[in-house]
Amino acid sequence: MHKINKNTYTHMQNQVDSLGKFKPFFAVIFLQVSFAGNDVLSKAALNQGMNNYAVVVYRHAIATLLMAPFAAILEKKVRPKMTMSILIKIMVLGLLEAVLEQNLYYVGMKYTTATFVAAMYNIIPAITFLMAWILRLEKVNLRSIRSHAKIIGTLATVAGAMVMVLMKGPVLELFSTKARINSHENDTDFHDTIKGGLMITAGCFSFVCFVIMQAITLKTYPAELSLTVWICLMGTLEGTVAALIMEKGNAAIWALKWDTKLLTVAYTGIVSSGLAYYIQGVVINDRGPVFLTAFGPLCLVIVAIMSSLILAEKLFLGRVIGAIIIIVGLYFVLWGKSKEYKSQQPLVEQQTEAAKLDNATNNENDTFDHQAIIIDKTLQQEKRDPFVV
């Protein structure tokens, strides 16, 4: 049998450990690709008359049914007991994401384009950074170069998004843009852009509140799959109530056919709600909410390309320049976060070792105390009965 020597084994172990460090990056990249698909599909379905309230209910119902069996089996032993405090937090999470953020996102997209929405959502890292700083979930030291990098990168990300929205420039004929689906790129006027922009901005605030509330909830309910199921269930119930109130009993909104609308419902339910909520929870636990939202610009670049190919949206030079600025800003944020993460690792290891030492010391003290009690009892027994051996 071929034996693996110690050096080879150590090298293999180091490779495995190095690969594990990239898991959060793979996770957030997958999220942004899935979100880009969500933007393009949703815009196509909205162009065909999809009702935003109905799709919100359907997507969360599908996500609930999909994720519930996995949560019931995989987290049976680690799932904490449900309390009234946790239940209220979950209800708020469902309200923030399913009722507010999702509906504002869809209505804002109706007035604008997929690329515009993706560009506007890049203010999320800035809002998240500020709110996390205020709530002390994110540490900022104005004398640290890491904090400077995060601040500059966040500002550059927002500036790049604004350049993409406000600066058009000449059209770049990079792809064939023959319309396969009716596009409203040239139908949106200034007033529609303002309406859509305001709604999308409000949706961004709601999403940031959702992410931060999710981080807080995970501290008392550290079961990502189960929390995902609860959020989707609450989103289904609360979204249904919102749909019934806003549409006033219009039964036609619930009709589904074998078309883009059905594909959008299935995709958003399985990927954008079910898998995305779970992956977000894992990444937040590992790297924090700012790391999660810092990858938003990647979604913008993907949407700009996909919408040009699929939705026949025009690709302008200004959007390319804005995308480059965003990528530079993203690099600064990630550099600051990675340096901060590395600097915290030795402290975490020291705390872990200290905890192990304390446990070992406590165990030794407990053993010594137990032995002393036995000896003391033996001596007392010998005093009472001199014939005890």
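**Some thoughts on the overall build of the protein**
Along the backbone of the protein there are 13 helices and zero strands. In the protein, the succession of α and β elements from N to C terminus is α-α-α-α-α-α-α-α-α-α-α-α-α. Burial status across the protein gives 43% buried among its 389 residues. Contacts in the protein between residues far apart in sequence, at least 24 positions, make up 90% of those at least 6 positions apart. Carbon and sulfur atoms form 67% of the exposed surface of the protein, whose accessible area is close to 21300 Å².

**A look at helix H3 (residues 52-74)**
In this model, H3 (23 residues) spans 33 Å end to end at C-alpha, consistent with the 33 Å of a helix rising 1.5 Å per residue. At Met67, H3 is deflected by roughly 35°, the largest bend along its length, and proline Pro69 occurs up to four residues later in sequence. Of all the positions in H3, only Asn52, Tyr53, Ala54, Val55, Val56, Val57, Arg59, His60, Ala63, Thr64, Met67 and Ala71 are classed as buried. Residues of H3 that are buried in the fold lie against helix H2 (23-47), helix H4 (84-111), helix H9 (224-247) and helix H10 (260-287). Among the residues of H3, the N-terminal cap falls to Asn51, whose side-chain oxygen and the backbone nitrogen of Tyr53 are separated by 3.0 Å.

**Focus on the packing of aromatic side chains**
Counted by the stated rule, this structure contains six aromatic pairs. With centroids separated by 5.9 Å and ring planes inclined at 85°, the aromatic side chains of Tyr58 and Trp254 adopt a geometry described as edge-to-face. Placement of the pair is Tyr58 in helix H3 and Trp254 in the loop between H9 and H10, with a sequence separation of 196 residues.

**Topic: the packing of H2 against H10**
Put simply, H2 and H10 touch, their axes get as near as 9 Å, and they point 155° apart. Between H2 and H10, the crossing angle belongs to the class labelled roughly antiparallel. Crossing angle aside, the handedness with which H2 passes H10 is left-handed. Its residues assigned to classes, the contact of H2 with H10 shows 18 nonpolar, nine polar and three charged.

**Some remarks on a nonpolar patch on the surface**
A cluster of nonpolar side chains, Ile152, Ile324, Val328, Tyr331 and Phe332, forms an exposed patch at the surface whose accessible area comes to about 490 Å². Note that Ile324 resides in helix H13 (residues 317-384).

**Quick notes on empty space enclosed by the protein**
Here the structure, examined in full by the defined rule, presents one cavity of 30 Å³ or more. Looking at the largest cavity, its volume works out to about 420 Å³. Taken together, 24 residues form the lining of the largest cavity, with Gln32, Phe35, Tyr121, Ile124 and Phe207 sitting closest to its centre. If you list the elements that add at least two residues to the lining of the largest cavity, you get H2, H4, helix H5 (114-120), helix H6 (124-134), H10, helix H11 (289-293) and helix H12 (296-310). Ranked by the residues each element gives to the lining of the largest cavity, the list is headed by H2, at five residues.

**Quick word on the side chain of Ser34**
Looking at the element boundaries, Ser34 is found in helix H2. Classification of Ser34 by relative accessible area gives buried; the value is 4%. When neighbours within four sequence positions are excluded, Ser34 is seen to be in contact with Tyr267, Val271 and Ser272.

**Overview of the confidence of the model for the protein**
Here the protein averages 77 in pLDDT, and 78% of its residues register 70 or above. Scored below 50 in pLDDT, residues 176-187 shows 25 contacts in the model against residues more than four places distant or in partner chains.

**Side note on the environment of Gly318**
Note on placement: Gly318 falls in helix H13. Between the C-alpha atom of Gly318 and that of Val171, which follows or precedes it by 147 residues, the distance is 9.0 Å. Leave out the neighbours within four places in its chain, and Gly318 touches Val163, Met164, Met167 and Lys168.

**Focus on the packing of H2 against H12**
Put simply, H2 and H12 touch, their axes get as near as 8 Å, and they point 35° apart. Seen along the crossing, H2 lies across H12 with a hand that is right-handed. Between H2 and H12, the contacting residues are Ile29, Gln32, Val33, Phe35, Ala36, Gly37, Asp39 and Val40 on the first element and Gly296, Leu298, Cys299, Ile302, Val303, Met306, Ser307 and Ile310 on the second. For the contact of H2 with H12, the class distribution of residues is eleven nonpolar, four polar and one charged.

**Quick word on H6**
Taken as a whole, H6 has its buried residues at Ile124, Pro125, Ala126, Ile127, Thr128, Phe129 and Ala132. Where H6 terminates, the next one or two residues include Arg136, which has phi positive at roughly 65°.

**Describing the side chain of Thr268**
With respect to the element layout, Thr268 can be found in helix H10. Overall, the relative accessible area of 1% leaves Thr268 in the buried class. A distance of 2.6 Å separates a polar side-chain atom of Thr268 from the backbone oxygen of Thr264. Once you skip the residues sitting within four places of it in the chain, Thr268 turns out to touch Asn38, Ser42, Val55, Arg59, Tyr106 and Ser273.

Criteria and thresholds
Residues numbered from 1 in each chain as written. Predicted model: local features only at pLDDT ≥ 70, side-chain atom pairs only at ≥ 80, totals over all residues. Heavy atoms only, no water. Helix = DSSP H or I, 4+ residues; strand = E, 2+ residues; numbered from the N terminus. Buried < 20%, exposed > 50% of the residue type's maximum accessible area, 1.4 Å probe, protein only. Contact = heavy atoms within 4.5 Å. Areas by Shrake-Rupley, 256 points an atom, 1.4 Å probe, with all protein chains shown as cover. Expected span 1.5 Å × (residues − 1). Bend = angle between axes of the 7 residues up to and from the residue. Polar contact = N/O pair within 3.5 Å; in protein donor to acceptor, adjacent residues only side chain to side chain. Phe/Tyr/Trp six-rings, centres within 6.5 Å; stacked < 30°, edge-to-face > 60°. Axes fitted to C-alpha atoms, helices over the stretch in contact; angles between N-to-C directions. Parallel < 35°, antiparallel > 145°, perpendicular 65-115°, else oblique. Left-handed = near helix turned anticlockwise from the far one by under 90°. Nonpolar A, V, L, I, M, F, W, Y, C, P; charged D, E, K, R; others polar. Patch = residues over 30% accessible without salt bridge, like charges linked within 9 Å, V, L, I, M, F, W, Y side chains within 5 Å. Salt bridge = Lys/Arg side-chain N within 4 Å of Asp/Glu carboxyl O. 1 Å grid on protein atoms, 1.4 Å probe; cavity = no way out; pocket = protein on both sides within 12 Å on 5 of 7 lines; lining within 4 Å. Points joined across faces, edges and corners; volume = space filled by probe spheres on them. pLDDT = per-residue confidence, 0-100.

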